[in-house]
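Geometric and topological summary
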Amino acid sequence: MAVLDQLNSQQAIDLENKYGAHNYHPLPVVLSRGEGVHVWDVEGKQYYDFLSAYSAVNQGHCHPKIVGAMTSQAQTLTLTSRAFYNDMLGKYEKFACEFFGFDKLLPMNTGAEAVETALKLCRKWAYEVKGIDENEADIIVCENNFHGRTTTIISFSNDPVAREHFGPYTKGFIKIPYDDVSALEEVLKSNPNVAGFMVEPIQGEAGVYVPGENYLAEAKAICEKYNVLFIADEVQTGIARTGRLLATCGNCNCADKNCSESPEVKPDILILGKALSGGAYPVSAVLANNHIMNVIKPGNHGSTFGGNPVAAAVAIAALEVIRDENLAENAYKLGQLFRSEMNKYIESSSIVNLVRGKGLLNAIVINDDEDSDTAWNICLALRDNGLLAKPTHGNIIRFAPPLVMTEEQLLDCVGIITKTLKQFED
Ligand SMILES: *Cc1c(COP(=O)(O)O)cnc(C)c1O
């Protein structure tokens with residue numbers, strides 16, 4: 001078979017199975033094109049994308065402005081490494097710092113790398129600024145977290161599949177229950193060596209768990225009281241996904257950024273990835289103010305591709321799209337509509353227990369065991385009906401379409417979802 005021959009779906013799947021490591025279990029659909037909220041398989045069938053590459057494609061597939069910035073930069077200069085300056089990185093850093101309200105940005109490529117960067121930054125701050133004894137710093141994380149797949153990150157995961165047979169594990173992490181500020185304070189009261197608390201504003205991979213309204217604000221206040229850095233992993237929740245630019249902008253479902261019920265919570269360290277590039281290119285970042293970021297000196301950290309000119313050009317364009325197309329507002333509005341439409345269906349459903357989420361990061365919980373394959377079978381039926389989603393667990397399906405969706409398209413999707421669910425009602 002010549003490399004450029006057009007494959008059919010089965011051939012493409014067979015090739016991945018034979019020559020690719022089996023580190024994923026994809027839904028059987030082979031995509032070859034995307035535009036906006038839609039993707040097409042190699043046979044030409046059209047689907048709504050209701051996963052958005054785990055919220056990387058918030059701006060929609062192949063957004064012309066992002067693709068334009070990428071191709072034009074790719075024809076000019078792609079990589080210098082940080083051995084030399086390039087004329088795009090500084091522009092991007094200034095743009096992103098002003099966009100998110102921080103002094104400095106450290107550019108990386110993937111979400112896991114940005115999480116690693118934040119952990120290193122937090123530890124160095126602990127030794128050089130907070131004054132914790134060498135090698136004694138602890139970082140608090142939450143049960144059922146998902147922060148990526150590196151050796152250190154899986155060390156504090158409690159997913160046995162992600163952890164087993166990958167030890168020995170990295171020390172220095174303390175796990176507490178999610179959405180539990182007393183558990184946080186309990187540890188901080190008795191342990192002076194805590195450097196940071198790292199948390200997802202909504203636990204996406206765990207099944208879209210939205211914490212109580214004041215959780216983030218209270219956790220931040222406790223961190224301040226004990227001089228501990230509040231580290232927000234917004235790789236999945238950030239960049240307009242939850243109806244605001246960042247999910248740490250309050251945790252009630254209201255659109256007002258300055259809402260007094262649930263004010264903005266400013267992390268000490270902000271971790272971004274995924275939609276920072278609109279899914280066009282791997283771009284991640286860690287943002288912090290000078291009193292934290294200045295502990296990083298030449299040679300402490302880096303990446304050959306981190307901060308390359310293509311990434312910089314793509315990220316500026318991706319953030320401009322978020323701002324210019326009011327995608328946070330659209331996610332907020334469509335999220336309300338989605339949950340209210342789904343709740344109407346759920347009232348008389350025996351197969352779906354509930355819908356939860358914020359903005360356009362939502363999930364439904366299927367009325368079956370965690371280890372059942374009902375959610376998987378529903379996703380296969382959704383695929384047949386023209387909509388692509390994936391279970392996060394045996395009985396939870398995440399729904400996270402691109403934020404460029406229109407109200408009409410969303411209602412069309414609700415129609416597909418409810419029609420499909422009806423096939424599973426008894
Ligand atoms: C996806 C994700 C990561 C890891 O990002 P990669 O680019 O896959 O390494 C980290 N944290 C959260 C919350 C994520 O959703």
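Remember, predicted model here, so these are calculated numbers, not experimental data.

Re the site of the ligand
Taken together, Thr110, Gly111, Ala112, Phe146, His147, Gly148, Glu200, Asp233, Val235, Gln236 and Lys274 are the residues near the ligand. Contacts to the ligand include Gly111, whose backbone N or O atom sits 2.8 Å from an oxygen atom. Here a nitrogen atom of the ligand sits 2.7 Å away from a polar atom, N or O, in the side chain of Asp233. Residue classes in the shell around the ligand are distributed as 3 nonpolar, 5 polar and 3 charged.

Focus: the packing of helix H12 (residues 327–347) against helix H14 (residues 407–422)
Contact pair H12 / H14: the axes reach a minimum separation of 10 Å and the direction vectors enclose 25°. Relative to H14, the element H12 lies roughly parallel. Handedness of the H12/H14 crossing: right-handed. Between H12 and H14, the residues in contact are Lys333, Leu334, Leu337, Phe338, Glu341, Met342 and Tyr345 and Glu407, Leu410, Leu411, Val414, Ile417, Thr418, Leu421 and Lys422, respectively. Residues that form the contact of H12 with H14 fall into these classes: 10 nonpolar, 1 polar and 4 charged.

Structural notes on the packing of aromatic side chains
Taken as a whole, this structure holds 8 aromatic pairs when the rule is applied. Aromatic pair Phe95 and Phe99: ring centres 5.6 Å apart, planes at 25°, arrangement stacked. Taken as a pair, Phe95 and Phe99 lie in helix H4 (residues 89–100) at a separation of 4 residues, close to a single helical turn. Here Phe95 falls in the buried class, since its relative accessible area comes to 18%. Centroid distance Phe156 to Phe173: 4.4 Å. Interplanar angle 40°. Geometry classified as tilted. With Phe156 in the loop between helix H6 (151–155) and helix H7 (160–163) and Phe173 in strand E6 (residues 173–176), this pair connects stretches of sequence that are 17 residues apart. We classify Phe173 as buried; its relative accessible area is 18%. Ring pairing ties together the aromatic residues Phe50, Phe338 and Phe399, which thus form one cluster. Here the guanidinium or amino end of Arg163 rests over the ring plane of Tyr169, the centre of that ring lying 3.9 Å away. One cation-aromatic arrangement involves Arg356 over Tyr209; the distance from NZ or CZ to the ring centre is 4.1 Å.

Description of the sheet that holds E6
Backbone-to-backbone hydrogen bonds pair the strands of a sheet. The strands run either parallel or antiparallel. One open sheet accounts for 7 strands, arranged E4-E10-E9-E8-E7-E5-E6; its pairing is mixed. On the outer flanks of this sheet lie strand E4 (104–108) and E6, each paired with one strand and no other. On average, adjacent strands in this sheet sit at an angle of 20° to one another, irrespective of strand direction. Relative to strand E9 (residues 269–272), strand E8 (residues 229–233) runs parallel, the two being bridged by 3 bridges. Within E9, the residue paired with Asp233 across the bridge is Ile271. On top of the sheet, H4 reaches E4, E9 and strand E10 (284–288); it is set at about 120° to E4, its chief contact.

Observations concerning the sheet that holds strand E12 (residues 361–366)
Taken together, 4 strands build an open sheet; the order of strands is E11-E12-E15-E14 and the sheet is antiparallel. Either end of the sheet is taken by a strand with one partner, and the two such strands are strand E11 (352–358) and strand E14 (390–393). Taking each pair of neighbouring strands and ignoring which way they run, the sheet shows an average axis angle of 30°. With 4 bridges joining them, E12 and strand E15 (residues 396–399) adopt antiparallel strand pairing. Residue Asn362 lies in a different strand from E15, and its bridge partner there is Phe399. Across the sheet, helix H13 (residues 374–384) is in contact with E12, E14 and E15; its angle to E14 comes to roughly 165°.

Observations regarding the pairing of E15
A regular strand places its side chains on the two faces of the sheet in alternate fashion. Residues of E15 alternate between two faces, with Ile396 and Arg398 on one and Ile397 and Phe399 on the opposite face, all of them buried. Between the end of E14 and the start of E15, which pair antiparallel, lie 2 residues.

Notes on unusual backbone geometry
With omega at 0°, the peptide bond leading from Gly167 into Pro168 counts as cis. Counting through the fold element by element, Pro168 comes out in the loop between H7 and E6. Positive phi, normally seen in glycine, also occurs at Lys274, with a value near 35°. In this fold, Lys274 is placed in the loop between E9 and E10. Given the relative accessible area of 25%, Lys274 is considered partly exposed.

Some remarks on the packing of helix H3 (residues 64–74) against helix H11 (residues 309–324)
Running from amino to carboxyl end, H3 crosses H11 at an angle of 160°, the nearest separation of the two axes being 8 Å. Classed by the angle they form, the pair H3 and H11 counts as roughly antiparallel. Relative to H11, H3 is oriented so that their crossing is right-handed. Two secondary-structure elements touch here, H3 through Lys65, Ile66, Ala69, Met70, Gln73 and Ala74 and H11 through Pro309, Val310, Ala313, Val314, Ala317, Ala318, Glu320, Val321 and Asp324. Partitioning the contact of H3 with H11 into residue classes produces 11 nonpolar, 1 polar and 3 charged.

Conventions and cut-offs
- Residues numbered from 1 in each chain as written.
- Predicted model: local features only at pLDDT ≥ 70, side-chain atom pairs only at ≥ 80, totals over all residues.
- Heavy atoms only, no water.
- Near = heavy atom within 4 Å.
- Polar contact = N/O pair within 3.5 Å; in protein donor to acceptor, adjacent residues only side chain to side chain.
- Nonpolar A, V, L, I, M, F, W, Y, C, P; charged D, E, K, R; others polar.
- Axes fitted to C-alpha atoms, helices over the stretch in contact; angles between N-to-C directions.
- Helix = DSSP H or I, 4+ residues; strand = E, 2+ residues; numbered from the N terminus.
- Parallel < 35°, antiparallel > 145°, perpendicular 65-115°, else oblique.
- Left-handed = near helix turned anticlockwise from the far one by under 90°.
- Contact = heavy atoms within 4.5 Å.
- Phe/Tyr/Trp six-rings, centres within 6.5 Å; stacked < 30°, edge-to-face > 60°.
- Buried < 20%, exposed > 50% of the residue type's maximum accessible area, 1.4 Å probe, protein only.
- Lys NZ or Arg CZ within 6 Å of the ring centre and 35° of its normal.
- Pairing = 2+ DSSP bridges.

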